[in-house]
Structure formats: structure tokens, C-alpha cells
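# Coordinate inspection notes
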Amino acid sequence: MSTLRQQNPLIHCMTNLVVTNFTANGLLAIGASPVMAYAKEETHEMAEAADALLLNIGTPSETVVESMIHAGQAANKKGTPVILDPVGAGATSFRNEMIARILQHVDITLIRGNAGEIAAILGEVGTVKGVDAQIKTDPVVLAKRAAEELKTLIVVTGEQDVVTDGSRTVTIKNGHEWLTRVVGTGCLLGGVLAAYLAINRDDKIKAAAEGLAYYGVAAERAYAKASDRGVASFQLEFLDALSTLSEEEAESFYRMEWL
Ligand SMILES: Nc1ncnc2c1ncn2[C@@H]1O[C@H](COP(=O)(O)OP(=O)(O)O)[C@@H](O)[C@H]1O
Ligand SMILES: Cc1ncsc1CCOP(=O)(O)O
Ligand SMILES: [Mg+2]
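Conventions we followed
- Residues numbered from 1 in each chain as written.
- Chains lettered and ligands numbered in written order.
- Predicted model: local features only at pLDDT ≥ 70, side-chain atom pairs only at ≥ 80, totals over all residues.
- UniProt positions renumbered as here; feature names shortened; annotations may be inferred.
- Helix = DSSP H or I, 4+ residues; strand = E, 2+ residues; numbered from the N terminus.
- Rg over C-alpha atoms; globule rule 2.2 N^0.38 Å.
- Buried ≥ 20, exposed ≤ 12 C-beta atoms within 10 Å, placed from the backbone.
- Contact = placed C-beta atoms within 7 Å.
- Axes fitted to C-alpha atoms, helices over the stretch in contact; angles between N-to-C directions.
- Parallel < 35°, antiparallel > 145°, perpendicular 65-115°, else oblique.
- Near = placed C-beta within 6 Å.
- Expected span 1.5 Å × (residues − 1).
- Nonpolar A, V, L, I, M, F, W, Y, C, P; charged D, E, K, R; others polar.
- Pairing = 2+ DSSP bridges.

Per an unreviewed UniProt entry, the recorded name for the protein is Hydroxyethylthiazole kinase, and the organism is Alkalicoccobacillus plakortidis. Of the comments in the UniProt record for the protein, the one headed Cofactor (unreviewed entry) reads "Mg(2+)". Here is the UniProt Function (unreviewed entry) comment for the protein, exactly as written: "Catalyzes the phosphorylation of the hydroxyl group of 4-methyl-5-beta-hydroxyethylthiazole (THZ)."

Now for the overall build of the protein. Each helix and strand in the protein was counted, giving 11 helices and 11 strands. For 259 residues, the compact-globule estimate of 2.2 N^0.38 gives 18 Å, and the protein sits close to it at 17 Å. Dimensions of the protein, computed from the C-alpha atoms along their principal axes, are close to 45 × 40 × 35 Å. The buried share among the 259 residues of the protein stands at 53%. Nonlocal contacts in the protein, meaning residues at least 24 apart in sequence, comprise 72% of its contacts between residues at least 6 apart.

Glancing now at the packing of helix H2 (residues 20-30) against helix H10 (residues 231-244). Between H2 and H10, the least distance of the axes is 6 Å, while the angle of their chain directions is 30°. Considered as vectors, H2 and H10 are oriented roughly parallel to each other. Taken together, the residues of H10 that come into contact with H2 (itself represented by Asn25, Gly26, Ala29 and Ile30) are Leu239, Leu242 and Ser243.

Let us look at the site of ligand 1. The local shell around ligand 1 holds 17 residues, among which Asn114, Thr157, Gly175, Leu179 and Gly186 are the closest. For the shell around ligand 1, the secondary-structure elements that each account for two or more residues are strand E7 (132-133), helix H8 (185-199) and helix H9 (204-226). When residues in the shell around ligand 1 are grouped by element, the largest group, three residues, is from H8.

So, about H10. Compared with the 20 Å implied by 1.5 Å per residue over 14 residues, the 19 Å span of H10 between its first and last C-alpha is a close match. Contacts made by the buried residues of H10 are with H2 and H9.

This brings us to unusual backbone geometry. Even without being glycine, Asn8 reaches a positive phi, approximately 45°. Along the polypeptide, Asn8 turns up in the loop between helix H1 (2-7) and strand E1 (10-14). Phi is positive for Lys151, which is not a glycine, with a value near 55°. Turning to its location among the elements, Lys151 is positioned in the loop between helix H7 (139-150) and strand E8 (153-157). For Lys151, a count of 12 C-beta atoms within 10 Å corresponds to the exposed category.

Take the UniProt feature "binding site: ATP" (unreviewed entry) in the protein next. The feature "binding site: ATP" (unreviewed entry), as annotated in UniProt, sits at Arg112 and Thr157 in this numbering. A maximum C-alpha distance of 7.4 Å is found for the annotated residues, which run over 46 residues; spatially they form one tight group. Excluding its chain neighbours within four sequence positions, the residues that come into contact with Arg112 are Ile83, Asp85, Val155, Thr157, Leu189, Gly190 and Leu193. Considering the arrangement of structural elements, one finds Thr157 in strand E8. Residues in contact with Thr157, not counting those within four places in the same chain, are Arg112, Asn114, Gly186 and Leu189.

The subject of this paragraph is the site of ligand 2. Within the structure, ligand 2 sits among Asn16, Val18, Val19, Gly58, Thr59, Val87, Val131, Val183, Gly184, Thr185, Gly186 and Cys187. Residue composition of the shell around ligand 2, by class: six nonpolar, six polar and no charged.

Strand order in this open sheet of nine strands is E2-E1-E3-E4-E5-E8-E9-E10-E11, and the pairing throughout is mixed. Among the strands making up the open sheet, the edge pair consists of strand E2 (33-36) and strand E11 (256-258). Going across the sheet, the axis of each strand differs from the next one's by a mean of 20°, ignoring polarity. Judged from the four bridges that link them, E1 and E2 form a sheet pairing that is parallel. Residue pairing across strands places Leu10 opposite Ser33, the latter belonging to E2. H2 contacts E1 and E2 of the sheet and is inclined by roughly 155° relative to E2. Relative to strand E3 (residues 52-56), H8 is tilted by about 160°, and along the sheet it contacts E1, E2, E3, strand E4 (82-85), strand E5 (110-114) and E8.

Below, the structure is given as C-alpha cells:
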């Protein structure tokens, strides 16, 4: 993580009302600089200044999505990575329309979602309950199909994470089930992936895989410390782990496999 801490990338987060504070604290913990900005009058300027842009549609509105498109287009002009988290895709037709609109107008570098959300973007129905996945599907098959259809990098998260561009694929088996019992861990992960892509633009798949593995090992460490207490302690220990665990220390625990 020393490189990330040294480079201290600025991450423009357009995220949801639930996870804003957690996302900002998590990004600070890994050594990035978060900034949240939503107004159409300023998002293009903020996106131009940023090293990566996160578009998370967890609590969408017409106005914010318009603003996201402005920001996304400004980032595209500069070649800045844009990460999309399609939170709750498939839960309502409004959400589906907003995601389709973003995909139509912005060149997305990477989409990160749980299996239900990624399947919903591909047109499957009944794959989410609110913001949570409701399907048990092979994430590798799903991720590859999504990458081919959407022509972008795909990260499907869950018990096992997958990153693929359709031809190069890597799986990551780090993490802990308690990540699903704290709200915002998927959303923060979108920000963390944005930071990893910001500082490593040459091999984006490798950068994303390292971000996922590091995040998973931090969760494993947090669980080891908080398991006899509960999920509130886990959340705190997780932020502590993100701020104290070096990539060098974490690396020997990575369970990453190139397929
Ligand atoms: N059963 C599980 N075991 C281990 N890690 C998990 C499990 N489910 C999710 N995770 C991890 O939790 C984080 C958030 O993923 P996920 O729960 O799929 O996203 P979301 O919160 O958007 O639904 C990821 O780091 C993922 O690897
Ligand atoms: C609960 C909820 N409702 C709308 S956005 C959101 C947060 C989802 O966060 P995550 O997918 O990271 O758990
Ligand atoms: Mg999510």
C-alpha cells in the first residue's frame, strides 16, 4: 500500500446516502483522498481534478444521475478511470433505466456489483432483494458473459470475487462472510477499486485483483479480532485493518488464481 499512500489519489465519489461517511473513512484509511460532489454545476470540474471517479447509484434520482453523466464525460475526456456500482440493479425499473442511461453516455472502465446486480444488468429477473444478491450462479461464467456483452471490465463479488475482461480472468477467495453483515462494504470496495485503478492504469485487471485481495485480507484480520464481540466491532476493526495493514504484509495471504 506504500505506493497508494505515497500517490494519495483523489477519488471523486458520487455515491449513495447510506454509505457516504463509511466510504470517505475507508478511502482515507487506505491512503486515498475522497471527495464527494454532486451538483451539476461542479461535478465536471471535480471529475477533471480527480484521479478516478466512482458512480454508485444506491439512492438514485434523476438529478444526480444527470450530474453523474456530466462527471463521467469529463473523466472520459481526460482518460480518468470511471467505476460504476449498479447498486440494486433489477430492484426497480427506474434503477434499470438510470444504469442504462449511464452506460449509454459514459465510457465505464469497470463495473463492480454482486452477482444479482450483474445478472440484472444482463436482463435476468428476480436476482436481487433490495440491494442484496438472490442468486447462486457461477460467478466466473456470469462475469465473463457480462464483460463480453458490456465490453468493459467486470468485478463480480461474493464468497469468491472474479475480475475479467472476457478473456483474462482472475478469482480471489479472500474475505469474510461478516462483510455482508455491515452495510456499505460493497460500496466502499467500489471506491477502493477506483483508487487501485487510479494508481495502476497499465494492468487494470491485476490492479483490481490486488485491491480485492487486499480488501479481503483486511476483513479476515478484522474478523479474527472482533469475532467474539460482534459486527459493530468488526466494522471498526475493518477500518483499523485498512489503515494499518501494509500490502507487503497482506500479500502472503492472497488467495488469487489466474484462470
Ligand atoms: N460469503 C462471503 N464470504 C467472504 N467474503 C464475502 C462474502 N460475501 C461477500 N464477501 C465480500 O464482501 C465484499 C462486498 O461484496 P458483496 O457483499 O458481494 O457486495 P454488496 O455489498 O454490494 O452486495 C467483497 O469484498 C466480497 O468479497
Ligand atoms: C442499504 C442500501 N440501500 C440503498 S443503497 C444501500 C447501501 C448498500 O451498500 P452495500 O451494497 O455496500 O452493502
Ligand atoms: Mg452493493
